[in-house]
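# Chain and residue survey
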Amino acid sequence: MTDFQRSEHLLTALVYLGLPLAVTLALAFATKRMTYEKLLVRVLGSCETMANASVVCTDKTGTLTQNVMSVVAGSVGIHAKFVRKLEDNQARTNAHEEHSEDSPKLTGTRKHPDDFSIDQTDLNKAMSPQLQDLFNASIAINSTAFEDADPETGEVVFVGSKTETALLKFAKELGWADYKKTRDAATVLQMIPFSSERKAMGVVVKLMTGGARLYVKGASEILSKKCTRHVVVSKDAGDHGGHDEDVETAEIDDLASDNISRTIIFYANQTLRTIALCYRDFESWPPRGVETSTEDEVCRCSK
């Protein structure tokens, strides 16, 4: 091999070795430049694609455009289907859902006749005072979000997880008790941080009447399958009962289970993030015969 051939091969090797490094550096530089445009790129190879994109389609409208989430629809118990601005968003409720075409004899009849739609601002009319307190406590206590002044506008806003801030804002709009007073008044026995394995987070509080109550918040399709009862809601429940009375519940039978599953799928098909809020009372904490793990749980029990 001549000296010219050797140098040619050496030059080719250097080019082959240097090209990947040059591309990586260029993409890393592009990624940093894109962060200035508030565009997050997790895969370096996507920089070239994103830099040439003129339209971005996503099913997380609100999270991507404003980085803000809000409660727009939901179900209290299994019958009360509430919607923000119901008059303009009738398609966001399945309260009047009829039997499917699989049952031609029942076509034209409602499968869940006790379901009803209600505007989100009128939700207190369908919830008894004690249920409002329970709902508010499950939102305020089982949360780490808080209120603070926005450094840019000076406006007081909720800061924290977008899901938690949306729920706190929802409770505030309904005029429920202040989240901070509710949170400070609770005696927390144990906090259970969110886990991707169980898809939920929880908190255990001491009840004034004795015993303990566990509040859980997480993926609705998982938590709903672990529930055996649901809260009872009627159109005029807000006009009856007191804050000290017990919340009325009913057993989740096959029809109720079908209602829950259909509602979750109905919301998911609208690209809404479905969250379930559940609770359970115990005579003592930890329950008898149950050992709690301290690896991923925070205990605030006083000795």
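Above this text sits the structure in question.
Residues numbered from 1 in each chain as written. Predicted model: local features only at pLDDT ≥ 70, side-chain atom pairs only at ≥ 80, totals over all residues. Heavy atoms only, no water.

Here we take up the packing of helix H4 (residues 129–140) against helix H5 (residues 162–173). Here H4 crosses H5 at 150 degrees, and the two axes come no closer than 9 Å. On the basis of their axis angle, the class for H4 and H5 is roughly antiparallel. Handedness of the H4/H5 crossing: left-handed. From H4, Phe135, Asn136, Ile139 and Ala140 reach across to H5, where they touch Leu167, Leu168, Phe170 and Ala171. The residue inventory of the contact of H4 with H5, partitioned by class, reads seven nonpolar, one polar and no charged. (Axes fitted to C-alpha atoms, helices over the stretch in contact; angles between N-to-C directions. Helix = DSSP H or I, 4+ residues; strand = E, 2+ residues; numbered from the N terminus. Parallel < 35°, antiparallel > 145°, perpendicular 65-115°, else oblique. Left-handed = near helix turned anticlockwise from the far one by under 90°. Contact = heavy atoms within 4.5 Å. Nonpolar A, V, L, I, M, F, W, Y, C, P; charged D, E, K, R; others polar.)

Below, the discussion takes up the nonpolar core. Val76, Leu123, Ile139, Phe170, Trp176 and Val233 are the most contacted members of the largest nonpolar core, which has 31 residues in total. When contributions to this core are tallied by element, the ones reaching two or more residues are strand S2 (80–83), strand S3 (116–119), helix H3 (123–126), H4, H5 and strand S7 (200–206). Setting aside residues no more than four positions away along its own chain, Phe170 makes contact with Val71, Phe82, Gln120, Leu123, Phe135, Ile139 and Trp176. In terms of nonpolar packing, the next biggest core, distinct from the first, is built from eleven residues, Leu189, Ala200, Ala212 and Leu223 among them. (Core = buried A, V, L, I, M, F, W, Y, C linked by side-chain atoms within 4.5 Å. Buried < 20%, exposed > 50% of the residue type's maximum accessible area, 1.4 Å probe, protein only.)

With that settled, the discussion passes to the state of the cysteines. Counting across every chain of the model gives zero disulfides. Its sulfur unpaired, Cys278 is 3.6 Å from the next cysteine sulfur, which belongs to Cys227. (Disulfide = S-S within 2.5 Å.)

Let us look at the packing of aromatic side chains. Aromatic ring pairs are described here by two measures, namely the spacing of the ring centres and the angle between the planes. Scanning the entire structure with this criterion turns up seven aromatic pairs. Between Phe135 and Phe170 the ring centres are 6.0 Å apart and the planes differ by 55 degrees, which places this aromatic pair in the tilted class. Of the two residues, Phe135 is situated in helix H4 and Phe170 in helix H5; the sequence distance between them amounts to 35 residues. Residue classification places Phe170 among the buried residues on the basis of a relative accessible area of 3%. (Phe/Tyr/Trp six-rings, centres within 6.5 Å; stacked < 30°, edge-to-face > 60°.)

What follows covers the pairing of strand S6 (residues 187–195). As paired strands, S6 and S7 are joined by six bridges and run antiparallel to one another. When the sheet's bridge partners are listed, Ile192 is paired in S7 with Gly202. Here S6 folds back onto S7 in antiparallel fashion, the turn holding four residues, of which Lys199 has a positive phi close to 55 degrees. (Pairing = 2+ DSSP bridges.)

A separate point is H5. For H5, built from twelve residues, the straight-helix expectation of 16 Å at 1.5 Å per residue is met to within 8% by its first-to-last C-alpha distance of 16 Å. Looking at H5, one finds that the buried residues are Thr163, Glu164, Thr165, Ala166, Leu167, Leu168, Phe170 and Ala171. Count one or two residues on from H5 and you reach Gly175, which has phi positive near 75 degrees. (Expected span 1.5 Å × (residues − 1).)

Cis geometry is found at the peptide bond from Trp285 to Pro286, where omega equals -5 degrees. The phi dihedral of Lys199 falls on the positive side, at around 55 degrees, and the residue is not glycine. The topology assignment puts Lys199 in the loop between S6 and S7.

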